[in-house]
Amino acid sequence: MAAETVPPIAPKGLDAQGYIEREGSLGRIPQPFRPVVAAARDRVLELFGPRLHSAYLYGSIPRGTARVGRSDLDLLLALRDEPTDADREGVRELGEALDKEFPQIDGVGALLYGRDVLLSDLERHDMGWFVACLCTPLLGDDLAEYLPRYRPDSLLARETNGDLAVLLPRWRERIGAADSDEIRTRLVRFMSRHLVRTAFTLVMPRWNGWTSDLGEMAEVFAAYYPERGDQLRTAAGLGHAPTADTAVLRAYVDDLGPWLADEYARVHGTKTPR
């Protein structure tokens, strides 16, 4: 590893006590996306009724950085009981309907969990942190009230992104099965974002801050691993404007991904098996 330098971006995203501040709010939703959010809220209620414990927005829309026609709608739904296959299919169909109806968005990503899983000890520093810090309440009682405050420490790094080595074989299978430019483009977008976020959390405890901006993540990482900085900057750009280039995907699973998985395990250890 090269000698560390001072990151060009000062640490941010923490409150006065050093805890990660919750990002996003309903008040930051850009005007073009408000009808999408309203429709999603109503249809989630119709789909689950009293079984729904709470619903959240996350990503660029509640952060106020969404781009019309380029950004997706990201939802996390928590049921009072465990979701079934029929529930997952219903959420998939809901997402497809919203995507077709509203040209403002480019896809819908919806996570579906039971309340008890999100509040479990196993998920305390993964999905629990995700709800408490990265999700904006949309419906129901906020699960963050039952979760602790979080610092950008090595435990959080390990439990959020310390599973890249497990994911890489699955990524290779998905690349091999990708038979269209549309699928490859979506894979480039997904894998680019995942790798940038993993690289950022690798150095997050040293930087002692939080950001969800891909460009900032890449710059912070590059200060600690300058020999890999350009790769991360390129990946951050592809996270916003992906291509269908198979060579990009192969480089992710044959070079950047394996290196990052090994370094992550060395620095933080591996994520508790699920």
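The residue numbers shown here count from 1 along each chain, following its written sequence. Where local features are concerned, this predicted model is filtered to residues with pLDDT of at least 70; where side-chain atom pairs are given and counted, the filter is 80 or more; whole-chain, interface and lining totals use all residues. Remark: hydrogens and water are excluded; side-chain values derive from all non-hydrogen atoms of the structure.

Draft legend 1. Region of interest: the overall build of the chain. Looking only at helices and strands, one finds 11 helices and 4 strands in the chain. Its C-alpha atoms give the chain a radius of gyration of 18 Å, near enough to 19 Å, the size a compact globule of 274 residues would have. Judged by the C-alpha coordinates and their principal axes, the chain covers about 55 × 45 × 35 Å. Going through the 274 residues of the chain one by one, you find that 49% of them count as buried. When checking whether two residues touch, look at their non-hydrogen atoms; a contact exists if any pair is within 4.5 Å. Taking contacts inside the chain between residues at least 6 apart in sequence as the whole, the part at least 24 apart equals 77%. Strands are runs of DSSP state E lasting at least two residues, helices are runs of H or I lasting at least four, and both sets are numbered from the N terminus onward. This radius of gyration counts C-alpha atoms alone. The globule rule is 2.2 Å times how many residues there are, raised to the power 0.38. With a 1.4 Å probe rolled over the protein chains alone, any residue whose accessible area is under 20% of its type maximum counts as buried; one over 50% counts as exposed, and the rest are partly exposed.

Draft legend 2. Local environment of the environment of proline 242. Here proline 242 shows up in the loop between helix 10 (229–240) and helix 11 (246–268). What makes proline 242 partly exposed here is its relative accessible area of 24%. Excluding residues that lie within four positions of it along the chain, proline 242 makes contacts with Thr185, Val188 and Arg189.

Draft legend 3. The arrangement of unusual backbone geometry in detail. Of note in this structure, asparagine 208 is not a glycine but carries a positive phi near 60°. Residue position: asparagine 208 is located in the loop between helix 8 (181–207) and helix 9 (214–224).

Draft legend 4. Inspection of the state of the cysteines at higher detail. Here, two cysteine sulfur atoms that lie within 2.5 Å of each other are counted as a disulfide. With the rule as written, the count across this model stands at 0 disulfides. A disulfide-free cysteine, cysteine 135 has its sulfur positioned 9.6 Å from the sulfur of cysteine 133, the nearest such atom. For cysteine 135, a relative accessible area of 0% corresponds to the buried category.

Draft legend 5. Seen up close, the packing of aromatic side chains. For this analysis, a ring pair means two rings from Phe, Tyr or Trp (six-membered ring only for Trp) whose centres lie within 6.5 Å, classed as stacked if their planes differ by under 30 degrees, edge-to-face if by over 60, and tilted for the remaining angles. Following the criterion strictly, the structure yields 8 aromatic pairs and no others. Between phenylalanine 200 and tryptophan 210, the aromatic rings sit 5.5 Å apart at their centres with planes inclined by 70°, giving edge-to-face as the arrangement. Separated by 10 residues along the polypeptide, phenylalanine 200 in helix 8 and tryptophan 210 in the loop between helix 8 and helix 9 bring together distant segments of the chain. Put simply, the rings of Trp129, Phe200, Trp207 and Trp210 touch in pairs and so form one group of aromatic residues.

Draft legend 6. Local environment of the pairing of strand 2 (residues 73–79). Along strand 2, 7 of the 7 residues are buried, which leaves the element largely enclosed by surrounding structure. Residue alternation in strand 2 divides its side chains into two sets, Leu73, Leu75, Leu77 and Leu79 and Asp74, Leu76 and Ala78, and both sets are buried. Whether two strands pair comes down to DSSP finding at least two bridges between them. Where strand 1 (residues 52–58) lies against strand 2, 6 bridges are found, and the strand directions are antiparallel. The partner of leucine 57 across the bridge, within strand 2, is leucine 75. Sheet analysis places strand 2 next to strand 3 (residues 108–114), joined by 7 bridges and oriented parallel. Its bridge partner lying in strand 3, leucine 73 is registered against valine 108. A crossover links strand 2 with its parallel partner strand 3, the connecting element being helix 3 (residues 85–101), and its sense is right-handed. If the strands point away from the viewer and the path from the first strand over the helix to the second runs clockwise, then the crossover is right-handed.

Draft legend 7. View of the pattern of salt bridges. Salt bridges are counted wherever a side-chain nitrogen of Lys or Arg sits within 4 Å of a carboxyl oxygen of Asp or Glu. Under the definition given, this model contains 26 salt bridges. Arginine 274 is the salt-bridge partner of glutamate 123, the closest N and O atoms lying 3.0 Å from each other. Here the residue glutamate 123 occupies a position in the loop between helix 4 (115–118) and helix 5 (127–134), and arginine 274 occupies one in the segment after helix 11, the gap between them amounting to 151 residues. For glutamate 123, a relative accessible area of 10% corresponds to the buried category. Aspartate 126 serves as the salt-bridge partner of lysine 271, at 2.6 Å between the closest nitrogen and oxygen. Placement of lysine 271 in the segment after helix 11 and of aspartate 126 in the loop between helix 4 and helix 5 is noted, with a sequence separation of 145 residues between them. Exposure class is identical for lysine 271 and aspartate 126. Each is buried.

Draft legend 8. Structural view of the nonpolar core. Core analysis: the largest hydrophobic core is formed by 60 residues, its most contacted members being Leu76, Trp129, Phe130, Trp171, Trp210 and Tyr252. Broken down by element, this core gets its largest block of residues, 11 residues, from helix 8. Apart from residues no more than four positions distant in its own chain, tryptophan 210 is found in contact with Lys12, Gly13, Leu14, Ile20, Glu23, Trp129, Leu134, Phe200, Thr201, Met204 and Met217. Among the buried residues, those of types Ala, Val, Leu, Ile, Met, Phe, Trp, Tyr and Cys that are joined through side-chain atoms within 4.5 Å form a nonpolar core. Ala39, Ala55, Leu57 and Leu79 belong to the second largest nonpolar core, which has 25 residues in total.

Draft legend 9. Quick peek at the pairing of strand 1. Within strand 1, 7 of the 7 residues are buried, which leaves the element mostly enclosed by the surrounding structure. As paired strands, strand 1 and strand 4 (residues 135–140) are joined by 5 bridges and run antiparallel to one another. Across the sheet, tyrosine 58 pairs through a bridge with cysteine 135, a residue of strand 4.

Draft legend 10. Representation of the side chain of threonine 198. Within the element layout of this structure, threonine 198 appears in helix 8. For threonine 198, a relative accessible area of 0% gives the class buried. Excluding anything up to four places from it in sequence, threonine 198 contacts Asn161, Leu164, Leu260 and Tyr264.

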